[in-house]
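Chain residues, written in single-letter form:
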Amino acid sequence: MSNHSWRLALLFNFLLLLNSSFAQSGDSFIQPDDGFTQPGETERLDTIEGQLLGLQDQLTALQDEKVDDKSLHWYWDSGMRLANADKSFKLRWGGRIHNDYAFFSQDDELVLAIGNIPNGTEFRRAEFYSEGIIYDSVEYKIEMEFAGGLSFEDVYIALLDLPIGTVRVGFDEEEFSMDELTSNKYITFMERSLPTAFKPGHSRGISVRDWYYDRRLRLTAGLFRDTARYGESTSVAGEDFSVTGRATCLPIYECEGQYLLHLGVAGTYRRPANDTVTFRKRPESHMAFNMVNTGAIATEQLRMADAELAAVFGRLFLQTEYTVAMVDRPAGSDAMLWGYYIHVGYFLTGEYKPYDQGDGVFGRVQPLNNFVTGDGRFGGAWEIATRYSVLDLNDLDI
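Model, not experiment: these values are computed from the prediction.

**Re the overall build of the protein chain**
Logical step 1: A count of helical and extended segments in the protein chain gives four helices and 21 strands.
Logical step 2: Counting only residues that meet the buried cut, the protein chain has 39% of its 398 residues in that class.
Logical step 3: Nonlocal contacts in the protein chain, meaning residues at least 24 apart in sequence, comprise 58% of its contacts between residues at least 6 apart.

Given below as structure tokens:
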């Protein structure tokens with residue numbers, strides 16, 4: 001409500017209160033002529049009553065009028081936010097700190113093969129981000145990683161709701177693998193599965209995405225170039241690029257995602273920087289060594305494909321993927337490397353795995369009860385989960 005309407009409301013209520021005070025004393029401030037009024041008093045009372053009715057009409061009109069409120073206000077909703085009244089302009093700030101502790105036990109054969117892995121601790125992630133939407137037309141995100149040295153995570157600008165969909169430009173994650181695209185805030189385990197050794201990761205480029213059939217079908221495609229930690233090109237010849245796309249659908253989506261079936265496929269064609277590619281992976285612990293490593297493989301191009309399947313049946317959750325990489329080698333036969341995982345989880349406390357239709361991945365679990373209740377008891381969301389991962393980086397002489 002504007003300042004003008006507040007003043008009208010205060011004046012109107014004051015006059016009503018004044019009339020009520022006269023009425024309680026037996027002398028109504030607004031009453032009909034009873035034959036004992038002084039000359040001219042009836043006219044004055046009629047004038048005041050007309051003014052009151054006029055003020056009431058103006059107040060009603062102002063209340064019905066849509067006020068264009070361009071002011072911004074701060075509030076908290078899973079992070080600090082700043083927005084206008086209709087949320088067409090909204091900004092958000094946040095971050096995360098992940099601290100790992102690891103203790104390893106190795107047999108003699110493993111020690112001889114890779115060396116002794118020390119116990120220890122590290123800041124796995126220390127990230128800060130700012131993101132927002134500007135008048136429902138432009139979206140941006142800037143996310144920086146401080147653990148292990150300063151680097152970019154996401155730095156992009158997006159134009160929303162264009163005729164061809166939403167267009168992103170900048171340093172962004174290529175759409176490949178549901179496990180890799182799920183935020184590290186929402187993955188079930190400390191680390192992602194072994195087949196993410198094939199992940200394209202973040203690159204600099206342009207991508208288009210759009211949604212169909214009430215967001216049950218999602219398509220995205222992009223053209224990228226291999227870049228380093230700050231988005232600069234790492235290519236010597238300058239001919240490296242990649243084309244990456246992903247399609248996801250929800251054949252089943254019931255009860256706001258408590259029962260769903262997710263299907264997805266992704267593919268990428270790549271001409272790697274410096275005509276070499278390397279695949280390596282730790283054993284799902286970031287503080288361990290890379291126990292499998294192909295070394296540099298000479299190639300001018302490679303193709304990778306990924307198939308996704310996920311389902312939610314109330315408390316029960318299932319997710320699996322199969323990934324394959326076909327490496328074209330100028331000397332010798334082409335190599336095929338592959339991997340898969342199966343992940344099953346069950347919520348003991350009644351929650352379910354929420355699905356983000358905007359990104360085609362799973363999101364943040366919302367506990368039904370606080371971790372510490374008002375009476376001092378412990379609650380929160382509790383889940384039991386298991387995962388089986390396989391990664392095969394052996395083929396021919398690799």
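**Overview of the pattern of salt bridges**
Logical step 1: Considering all chains together, one arrives at 19 salt bridges under this definition.
Logical step 2: The partner of R124 in a salt bridge is E191, and the shortest N-O contact between them spans 2.8 Å. Linking R124 in strand β4 (residues 120-134) with E191 in the loop between α4 (178-181) and β8 (202-212), this pair joins segments that are 67 residues apart in sequence. E191 matches R124 in its accessibility class, with the two residues each being buried.
Logical step 3: In this structure, K141 and D154 form a salt bridge, with 3.9 Å as the shortest nitrogen-oxygen distance. Placement of K141 in strand β5 (residues 138-145) and of D154 in strand β6 (residues 151-162) is noted, with a sequence separation of 13 residues between them. Across the pair, exposure class does not vary: K141 and D154 are buried alike.
Logical step 4: Here the salt bridges share partners, and the residues they tie into one network are R168, D172, E175, R209, R218, R246 and E308.

**Some details on unusual backbone geometry**
Logical step 1: Unusually for a residue other than glycine, Y213 sits at a positive phi of about 50°.
Logical step 2: The backbone of E256 sits at a positive phi, close to 55°, despite the residue not being glycine.
Logical step 3: Note on E256: relative accessible area 68%, which makes it exposed.

**Re the packing of aromatic side chains**
Logical step 1: Under the defined criterion, the tally for this structure stands at ten aromatic pairs.
Logical step 2: Ring geometry for Y322 and W338: centres 6.4 Å apart, planes at 20°, overall stacked. With Y322 in strand β17 (residues 316-328) and W338 in strand β18 (residues 335-347), this residue pair connects regions lying 16 residues apart in the sequence.
Logical step 3: By relative accessible area, Y322 is classed as partly exposed at 38%.

**A closer look at the nonpolar core**
Logical step 1: Counting 17 residues, the largest nonpolar core has F198, F279, M304 and V327 as the members making the most contacts within it.
Logical step 2: Looking at this core, the elements that each hand over two or more residues are β16 (301-313), β17 and β18.
Logical step 3: Among all residues touching F279, those that are not within four sequence positions of it are A197, F198, V292, N293, T294, L302, M304, A325, V327, L337 and L393.
Logical step 4: In this structure, L260, A310, V312 and F317 belong to the second largest nonpolar core, which totals eleven residues.

**A look at the confidence of the model for the protein chain**
Logical step 1: Taken residue by residue, the protein chain gives an average pLDDT of 86. The fraction at 70 or more is 84%.
Logical step 2: Within the model, the stretch residues 21-33 combines pLDDT values under 50 with 15 contacts to residues more than four positions away or in other chains.

**Topic: the pairing of β18**
Logical step 1: Side chains A335, L337, G339, Y341, H343, G345 and F347 project from β18 onto a buried face, and the interleaved M336, W338, Y340, I342, V344 and Y346 project onto a face without burial.
Logical step 2: In the sheet, β17 pairs with β18 via twelve bridges, with the strands oriented antiparallel. Pairing of Y322 across the sheet is with Y340, part of β18.
Logical step 3: Connecting the antiparallel pair β17 and β18 is a turn made up of six residues, with G332 showing a positive phi of about 95°.

**Structural notes on the environment of G350**
Logical step 1: Among the secondary structure elements, G350 is positioned in the loop between β18 and β19 (355-356).
Logical step 2: What makes G350 partly exposed here is its relative accessible area of 28%.
Logical step 3: The contact partners of G350, leaving out residues within four places of it in the chain, are R315 and L368.

**A short note on the side chain of T299**
Logical step 1: With respect to the helices and strands, T299 occurs in the loop between β15 (297-298) and β16.
Logical step 2: Judged by its relative accessible area of 1%, T299 falls in the buried class.
Logical step 3: Leave out the neighbours within four places in its chain, and T299 touches P272, D275, T276, V277, V327, D328 and P330.

**Description of the environment of P330**
Logical step 1: As for its placement among the helices and strands, P330 is situated in the loop between β17 and β18.
Logical step 2: A residue is classified by how much of its surface remains accessible, and P330, at 62% relative accessible area, is exposed.
Logical step 3: Between the C-alpha atom of P330 and that of A298, which follows or precedes it by 32 residues, the distance is 7.3 Å.
Logical step 4: Ignoring any residue separated from it by four or fewer positions in sequence, one finds P330 in contact with A298 and T299.

Conventions adopted
- Residues numbered from 1 in each chain as written.
- Predicted model: local features only at pLDDT ≥ 70, side-chain atom pairs only at ≥ 80, totals over all residues.
- Heavy atoms only, no water.
- Helix = DSSP H or I, 4+ residues; strand = E, 2+ residues; numbered from the N terminus.
- Buried < 20%, exposed > 50% of the residue type's maximum accessible area, 1.4 Å probe, protein only.
- Contact = heavy atoms within 4.5 Å.
- Salt bridge = Lys/Arg side-chain N within 4 Å of Asp/Glu carboxyl O.
- Phe/Tyr/Trp six-rings, centres within 6.5 Å; stacked < 30°, edge-to-face > 60°.
- Core = buried A, V, L, I, M, F, W, Y, C linked by side-chain atoms within 4.5 Å.
- pLDDT = per-residue confidence, 0-100.
- Pairing = 2+ DSSP bridges.

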